[in-house]
Amino acid sequence: MTLIRQDLDGYDLIGDVHGCGASLAVLLEKLGYSYREGVYRHPRRRVIFLGDLIDRGPRIRLALNIARDMVEAGEADIVMGNHEYNALAYCRRAPPEWAGEWLREHSPRHNRIINETLAQFRDHPQEWQSHLDWFMTMPLCLERDGLRVVHACWDHDLIAPFLAQCPDGCMSEEFFYDSACPGTFAFRVMDRLTRGPSLPLPAGLRIYSGDGFTRTSFRAHFWARAPLTYGDVVFQPDNLPDDLENQPLSTEERQRLPYYGPEEPPLFIGHYWCEGVPALPAPNIACLDYSAVKYGRLVAYRWEGEQRLDANHFVWVDVAREGSVPPAPDDIALA
Ligand SMILES: [Mn+2]
């Protein structure tokens, strides 16, 4: 039994692009898409982007234009990543009665996350504003034709009440403002769906991450059925400090972690900066973020309706360092 649309052979899910626009064009061509009438198209397939198109990389405008043109032409769908959400909150003025000037404070840390995007749009302010408007139309999660898509974590206990409030999966204006206030339901939904679960490190311990940030928590995954230790749930490139791999999870910590079981529909996520050759963390879960922007891989999964995912369905391009990428035709057309 096929669960996908009769007129389609399947969906190509594409992980975090992070401004690697030229690599995205190469990946789409490798997947059999061709650039016609200003949009990458495939006669029998559609793309679903997992979010995080922006920030960090050298070709952010190109990445946005390729993806947005596909979505607006009906050739692709997308879910919101934490970086699109950050951009929205960073660029939105707070209501006058609020303490700060912006929904997301312009602190050095926050400036640093969005700097590259703002720099590349410096001479294109209207285009940037138009993309911000587009970000507001991105759903936070997507379920269709037997698959599920979310940037970081599918958490039933939050998604069900969220969809009751926002049935199309998109933030309402009210939800957006609420989401900027820690402690609200909207904040919990955004944090969990676009950043995933994390657990705080014991007091005084820190992770000095390869990306230059210092962290006091670590990213955990949500597909271990009965995890016992931190090592059973850690899901990030940085090692845990000291002997924390063996630290037992407390009952409270276990309860804080959502669980996505093997009997659920196939789920596609990005976000987690995996490294190396793409592999499946669970039979029904694929993470497609392989650190493209850190000269890793930009990864797609070609889904044909299978309920048990198959590692042979990964397709990727290696992202080369600047200067070693041969110019592609779209570099001229879409620059
Ligand atoms: Mn992300």
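Residues numbered from 1 in each chain as written. Predicted model: local features only at pLDDT ≥ 70, side-chain atom pairs only at ≥ 80, totals over all residues. Heavy atoms only, no water.

**Q** Account for helix α4 (residues 108-120), with residues named and values stated.
**A** Taking 1.5 Å as the rise per residue, α4 with 13 residues should run 18 Å; its terminal C-alpha atoms sit 19 Å apart, in good agreement. Where α4 bends most, the angle comes to about 50°, and this point is I114. For α4, the complete set of buried residues consists of H110, I113, I114, T117 and Q120. Buried positions along α4 lie against α2 (60-72), α3 (82-91) and α5 (125-135). (Helix = DSSP H or I, 4+ residues; strand = E, 2+ residues; numbered from the N terminus. Expected span 1.5 Å × (residues − 1). Bend = angle between axes of the 7 residues up to and from the residue. Buried < 20%, exposed > 50% of the residue type's maximum accessible area, 1.4 Å probe, protein only. Contact = heavy atoms within 4.5 Å.)

**Q** For the UniProt feature "domain: Calcineurin-like phosphoesterase" (unreviewed entry) in the chain, give the residues involved together with the corresponding values.
**A** In this numbering, the UniProt entry assigns the feature "domain: Calcineurin-like phosphoesterase" (unreviewed entry) to residues 13-142. Regarding residues 13-142, the helix share stands at 44% and the strand share at 14%, and the terminal C-alpha atoms are separated by 12 Å. (UniProt positions renumbered as here; feature names shortened; annotations may be inferred.)

**Q** How would you summarise the packing of helix α6 (residues 156-165) against helix α8 (residues 185-195) if you had to cite specific residues and measurements?
**A** Viewed as axis vectors pointing N to C, α6 and α8 meet at an angle of 120°, and their least axial separation amounts to 10 Å. Taken together, α6 and α8 sit at an angle that is classed as oblique. Of the two elements, α6 crosses α8, and the hand of that crossing is left-handed. Side by side, α6 and α8 meet where L158, I159, P161, F162 and Q165 of the first sit next to F185, R188, V189, R192 and L193 of the second. (Axes fitted to C-alpha atoms, helices over the stretch in contact; angles between N-to-C directions. Parallel < 35°, antiparallel > 145°, perpendicular 65-115°, else oblique. Left-handed = near helix turned anticlockwise from the far one by under 90°.)

**Q** Go over a negative patch on the surface with me, naming the residues and quoting the values.
**A** Residues D232, D242, D243 and E245 make up a contiguous surface patch of negative charge. Within the secondary structure layout, D232 lies in helix α9 (residues 230-233). On the basis of relative accessible area, D232 is assigned to the partly exposed category, the value being 35%. (Patch = residues over 30% accessible without salt bridge, like charges linked within 9 Å, V, L, I, M, F, W, Y side chains within 5 Å. Areas by Shrake-Rupley, 256 points an atom, 1.4 Å probe, with all protein chains shown as cover. Salt bridge = Lys/Arg side-chain N within 4 Å of Asp/Glu carboxyl O. Lys, Arg positive; Asp, Glu negative; His and termini not counted. Charge placed at Lys NZ, Arg CZ, Asp CG, Glu CD.)

**Q** Before we move on, can you summarise α5 with the specific residues and values?
**A** Of the positions making up α5, those classed as buried are W128, H131, L132, W134 and F135. Along the axis of α5, the buried positions cluster into a sector of 160°, meaning they face one direction only. Where α5 is buried, its residues contact α2, β5 (76-78), α3 and α4. (Arc of directions from axis to C-beta.)

**Q** For the pairing of strand β4 (residues 45-49), give the residues involved together with the corresponding values.
**A** Burial analysis of β4 places five of its five residues in the buried class, the great majority of the element. Neither face of β4 is open: one carries R45, V47 and F49, the other R46 and I48, and all of them are buried. In terms of strand pairing, strand β1 (residues 10-14) meets β4 through five bridges, oriented parallel. Bridged to D12 within β4 is V47. As defined by bridge partners, β4 adjoins β5 across three bridges and the pair is classed as parallel. When the bridges of β5 are listed, V47 appears paired with A76. In the classification by handedness, the crossover that spans β4, the intervening α2 and the parallel β5 is right-handed. (Pairing = 2+ DSSP bridges. Right-handed = clockwise from strand over helix to strand, strands pointing away.)

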